[in-house]
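Close look at the chain arrangement
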Amino acid sequence: MEELQQNLIPGAGFYQKHLGFEWGPGDLIVYETNYKLQGPRSAGSPSVHIVRRDEDICSPILRKLFSESHLIFVGLQKIKEDVPSKNKKSQFVSISKNYRSVIRACMEELQQNAVSTQSGSLASQYGDQVSILLAIELIWNLCEVLFIDAAPAGSLLLQLLDWVRLHKSDVDAKAREVLQSDSPAQHQSYWDVVISLVLQGRTDEARQVLSKQASLRAESSSVFKRMDGLLQTMPIFNPTGTQTLTEFEVKWRHWHEECDRCLQDNTFASNRHLETICKILVGDEDTLLEQKELLSTWYHFLVTRLLFTHPTIKPPDLHYYAQSSMNMFLGPRASPEPLDIILLSAFEFDLHQVIKDCSIALNNWWFVAHLTDLLDHCKLLQSHNLHFGSNLREFLVLEYASGLFTHHSLWQLAVDYFDHCPEFGRVYLELQIERVPLDTERKAIKVLRICEDRQMSEQVRSICKIMAKRALRNNRLGSALSWTIRAKDAAFATLISERFLQDYSNKGSFTDLDLLDNLGPAMLLSDSLTFLGKYREFHRLYGEKRFSEAARLLLSLMTAKIAPRSLWMTLLTDALPLLEQKEVIFSVDQTYELMSCLEELNSGTKHSNLTDQDEDIESTKTELLRLALARNLTMAIVKEGTIET
């Protein structure tokens, strides 16, 4: 606690400040409490400090881990539920290995960056991330062996040996160094390499290195041949062979007794190194513990101990050997690290404890979310529900996805995680999607598509209204109208339509013609939008010289009361060019209707806010219209009379 305080807030000693903590999806908030202190330090207001909790989400390399594991996660969800989990075991093991390969790839890239960077702090950061990923892969691999693959007796030890070899690869580098030297048998690490290979059960490789020494010592070649024979004849169980487990046990017991006889007969007394190897072969625990430096970890000690004392160990018996091996290796004074506790819980087949401890020890939810999801698909967590209703798998996946939503690009991955949380996933998505900043129109369209695909109507309306208002503020009327139509907001559509008409009145032309020409059924959203669409259609017909159609449409806008009364004079003025055509466009009845509209408009209340100049202009328009209508009426009567005749 004191160390954490001093790291977070310089000068904040344990007895000087009292802190509270709050966790968020991606941050830790640390705040000073209002606890009153006596003396001069009590003065001053409490302050809040935000500490980044999940730094991994900011790492470009680890973002690859999140992105690639997302694809594996989605693929896992597509495995059919109706197939029994036993029949899907090979698929689950393959998926588990895919996850581990992604972890390995990230580790290798981080290691390369740590070597190439010139910054000491960056190198340290990369090193820390590598250490965390190493621990994650170690735990995942063990869970794969014990739970997902569920290796039986015989095969179990072979897989544990592979597990140890994979995570104790320094032996290979040291062996290469020895064998590539001018005199391998004289190399200072020669015997360490031989013993390390034996400790890992790599007897053929140990024999190869041991032959270098035997060729130099002709006088003791028989002793080396004897050891070579013991290593060569060491039985290794073959899961795919015809040999039964019982037959293997008998064969192994005979070999073990032969090793013990060699030890009792002092066969290797002339060479202490060979004698040490023989003691290892018989599983002498004191000798094994003397190799602590080469074993390096208690779990390596455990696997080696089993290899030479109980190679057909059954899964239920693992916990006893694991606990005793850890106690023997660490000793009474050393305390186990969090990683030791997690691995021990795995060896005890306590899955829930493994997940719980990993949730506490690791710095993000990636590991526990994906591992738990895979274990849940293997039907290994079905009995464990949380007190608030959600199961453990869904809870952890929701936490992980919520963390992804705090990142500007990873939030899209989180959507798929929420989709596969049947109980609370949609609720979480609805809450989180509203917090995504709509920085650009492109991003807004992405968010909108996500909401539309999931029938999230409230969120769709909210996003469209936000973007429509933003576009309107920037005087981008076409974009504003497009967003409003998607929101199906009649009131806002009316407002934007009026702005379009106002803009038309000022400029004498429409903007965003493609949008207005293709409104289609969307124009029915509001009366104003209907008028705007039809009015634009009138202008298009007029531009195409389809005067009769244009005239009918213009007249219908007024007689059907679709056009706002304030725009009647504008529409009547638009009729002037049609009235003055050489060919008669408006029939007698249509002309009478236009006259009626003009008189109705003039008989209404005069606008008191018009200036004298505006009144003169209106009067002039009215007179011009009356003359044009009278002339058109005469021409229409003559034309229609002629036709009738």
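The structure we're discussing is the one just above.
Read on for an overview of the structure. (Residues numbered from 1 in each chain as written. Predicted model: local features only at pLDDT ≥ 70, side-chain atom pairs only at ≥ 80, totals over all residues. Heavy atoms only, no water.)

1. Quick notes on the overall build of the protein chain
Looking only at helices and strands, one finds 31 helices and three strands in the protein chain. Considering the protein chain as a whole, with its 645 residues, one finds that 45% of them fall into the buried category. Within the protein chain, contacts between residues at least 6 apart in sequence are counted, and of these 62% link residues at least 24 apart. Split by element, the accessible area of the protein chain, about 33300 Å² in all, is 50% carbon and sulfur. (Helix = DSSP H or I, 4+ residues; strand = E, 2+ residues; numbered from the N terminus. Buried < 20%, exposed > 50% of the residue type's maximum accessible area, 1.4 Å probe, protein only. Contact = heavy atoms within 4.5 Å. Areas by Shrake-Rupley, 256 points an atom, 1.4 Å probe, with all protein chains shown as cover.)

2. Some remarks on the environment of Ser-69
Structurally, Ser-69 can be placed in helix H2 (residues 60–77). Residues Ser-69 and Asn-98, 29 residues apart in the sequence, show an inter-C-alpha distance of 8.4 Å. Not counting residues within four places of it along the chain, the set of residues in contact with Ser-69 comprises Tyr-99, Trp-366, His-370 and Tyr-417.

3. Some remarks on the nonpolar core
Counting 191 residues, the largest nonpolar core has Trp-163, Leu-281, Trp-298, Phe-347, Trp-366 and Phe-367 as the members making the most contacts within it. When residues in this core are grouped by element, the largest group, 13 residues, is from helix H4 (residues 120–148). (Core = buried A, V, L, I, M, F, W, Y, C linked by side-chain atoms within 4.5 Å.)

4. Observations regarding the side chain of Gln-590
With respect to the element layout, Gln-590 can be found in helix H30 (residues 588–603). Only 2.9 Å separates the side chain of Gln-590 from the backbone nitrogen of Ser-587, close enough to count as a polar contact. Those residues in contact with Gln-590 that lie beyond four places of it in its chain are Arg-552, Leu-555 and Ile-585. (Polar contact = N/O pair within 3.5 Å; in protein donor to acceptor, adjacent residues only side chain to side chain.)

5. Considering the pattern of salt bridges
Enumeration over the complete set of coordinates arrives at 26 salt bridges. One salt bridge connects Arg-165 with Asp-162, and the closest N-O pair in it is separated by 3.5 Å. Remark: Asp-162 and Arg-165 occur in helix H5 (residues 155–167); sequence separation between them is three residues, near one turn of the helix. Note on Arg-165: relative accessible area 24%, which makes it partly exposed. Since its relative accessible area comes to 46%, Asp-162 is described here as partly exposed. Here Glu-441 makes a salt bridge to Arg-476, at a shortest N to O gap of 3.0 Å. Of this pair, Glu-441 sits in helix H22 (residues 441–453) while Arg-476 sits in the loop between helix H23 (457–473) and helix H24 (477–487), placing them 35 residues apart in sequence. Residue classification places Arg-476 among the partly exposed positions, given a relative accessible area of 40%. (Salt bridge = Lys/Arg side-chain N within 4 Å of Asp/Glu carboxyl O.)

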